[in-house]
Amino acid sequence: GGGGGGAPPAAALSASHACVAVADVASSASYFGLWGFVEERRFLTGGRRGVWLRAAWPAGGGEVLELVEERGGVADAGGGGGGGGGGHRLGVRHLCLDVTRRCTDLGEFLAGVAARSVASYGRTLDVVTPPVQTMMGDLVAQVAVVRHGGVELELLRRQAVLPPETAPAPDW
């Protein structure tokens, strides 16, 4: 099939973005604007406000930060846990790899990686979120999330970018 899960892991992969949980997405986007990041798209994810910011400086490789708002979040003191008391942990949430050039079906791709993991390491993948189709503003994509050692890795396969006039506008 078109899964491509048998290819070496590094072939045609690229880092897509790092996701950071913030208390106020609008003020955080403004803050990162000081460092040369510009807004690329706004969206809702699980009912939370989100934004992709792209590095705009000339030497930048187009790095993307995803900011997701966690109202009532608490700062992570570096212990790697949930940040203590009530609220969600603020800080880095996941690393995302763009696998678009590696596969035509994220489910097949993930199954191939899972088989390699068992064959090579004797370990099954901890799949937090199986492949689903989602929209992030104008971007239509398949995403899945796996976890190892407390670190979440999101796999993203871009499917389409909608024309601006047809893309749903986020309500924020």
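In what follows, the structure referred to is the one given above.
The present account deals with the structure reproduced in this document. (Residues numbered from 1 in each chain as written. Predicted model: local features only at pLDDT ≥ 70, side-chain atom pairs only at ≥ 80, totals over all residues. Heavy atoms only, no water.)

### Structural notes on helix α2 (residues 106–121)
Applied cut-off: Each helix is a run of DSSP H or I of at least 4 residues and each strand a run of E of at least 2, with the numbering of both proceeding from the N terminus. Take the number of residues in a helix, subtract one, and multiply by 1.5 Å to get its expected span. Three labels apply to residues, based on accessible area from a 1.4 Å probe with only protein chains included: buried if under 20% of the type maximum, exposed if over 50%, partly exposed otherwise in between. Here the arc refers to the directions that run from the helix axis out to each C-beta atom. The contact definition used throughout considers only heavy atoms, calling two residues in contact when any of these lie within 4.5 Å.
With 16 residues, α2 ought to run about 22 Å at 1.5 Å a step, and its terminal C-alpha atoms sit 22 Å apart, in line with that. For α2, every residue scored as buried is listed here: Leu106, Phe109, Leu110 and Ser117. The buried residues of α2 occupy one face: seen down the axis, they fall within an arc of 95°. Buried residues along α2 sit against β7 (126–136), β8 (139–148) and β9 (151–161). At the exit of α2 stands Gly122, carrying a positive phi of roughly 70°.

### Topic: the side chain of Glu69
Definition in use: Whenever two N or O atoms come within 3.5 Å, that pair is a polar contact, provided that in protein one can donate a hydrogen and the other can accept it, and provided that, for residues adjacent in sequence, both atoms are side-chain atoms.
By the secondary structure assignment, Glu69 is in strand β4 (residues 64–69). Here the side chain of Glu69 touches Val25 through a polar contact of 2.8 Å, landing on its backbone nitrogen. Among the polar contacts made by the side chain of Glu69, one reaches the side chain of Arg71 at a distance of 3.1 Å. Beyond its immediate sequence surroundings of up to four residues, Glu69 is in contact with Val22, Ala23, Asp24, Val25, Arg48 and Arg49.

### A short note on the packing of aromatic side chains
Definition in use: Centres within 6.5 Å make a pair out of two Phe, Tyr or Trp rings, where for Trp the six-membered ring is used; the pair is then stacked when the planes are under 30 degrees apart, edge-to-face when over 60, and tilted otherwise.
Summed over all chains, the structure comprises two aromatic pairs. On the numbers, 5.3 Å between centres and 75° between planes, the contact of Tyr31 with Phe32 is edge-to-face. Between Phe32 and Phe37, the ring centres sit 6.1 Å apart and the planes meet at 85°, which makes this aromatic pair edge-to-face. An identical accessibility class is assigned to Phe32 and Phe37; each is buried. Among the aromatic residues, ring-to-ring pairing joins Tyr31, Phe32 and Phe37 into one connected group.

### Description of the environment of Trp172
Residue position: Trp172 is located in the segment after β9. Note: C-alpha distance between Trp172 and Phe43 (129 residues apart in sequence) is 8.5 Å. Beyond its immediate chain neighbours, meaning those up to four positions away, Trp172 contacts Val25, Arg42, Phe43, Leu44, Arg49, Gly50 and Val51.

### Here's the deal with the pattern of salt bridges
Threshold: The working definition used for a salt bridge is a side-chain nitrogen of Lys or Arg within 4 Å of a carboxyl oxygen of Asp or Glu.
Inspection of every chain in the model, using the stated rule, returns eleven salt bridges. Linking Arg41 and Glu40 is a salt bridge whose minimum nitrogen-to-oxygen distance equals 3.1 Å. For Glu40, a relative accessible area of 32% gives the class partly exposed. Judged by its relative accessible area of 8%, Arg41 falls in the buried class. One network of salt bridges, in which partners are shared, links Glu40, Arg41, Arg54 and Asp138.

### Notes on the nonpolar core
Most often, soluble globular proteins have nonpolar side chains that are buried together. Rules: Think of a nonpolar core as a cluster: buried Ala, Val, Leu, Ile, Met, Phe, Trp, Tyr and Cys residues, connected wherever their side-chain atoms sit within 4.5 Å.
Val20, Val22, Val25, Ala29, Phe32, Phe37, Val51, Leu53, Ala55, Leu65, Leu67 and Trp172 together form the largest nonpolar core, which totals twelve residues. Counting only elements with at least two residues in this core, the list comes to β1 (14–22), α1 (25–33), β3 (48–55) and β4.

### Comments concerning a nonpolar patch on the surface
Here is the rule: Patch criteria: residues need more than 30% relative accessible area and no salt bridge. Like-charged residues are merged within 9 Å; nonpolar side chains of Val, Leu, Ile, Met, Phe, Trp and Tyr are merged within 5 Å. The Shrake-Rupley method, run with a 1.4 Å probe sphere, supplies the accessible areas, and residue values consider only the shown protein chains as cover.
Taken together, Tyr31, Leu34 and Trp35 make up a surface patch of nonpolar side chains, about 400 Å² in accessible area. Along the chain, Leu34 turns up in the loop between α1 and β2 (37–45).

### Thoughts on the pairing of β8
Our working rule: Two strands form a pair only when DSSP identifies at least two bridges running between them.
Burial analysis of β8 places eight of its ten residues in the buried class, which makes it a mostly covered element. Both β7 and β8 contribute to a ladder of eight bridges, which runs antiparallel. Directly across from Gln133, in β8, lies its bridge partner Gln142. Between the end of β7 and the start of β8, which pair antiparallel, lie two residues, with Gly137 showing a positive phi angle near 65°.

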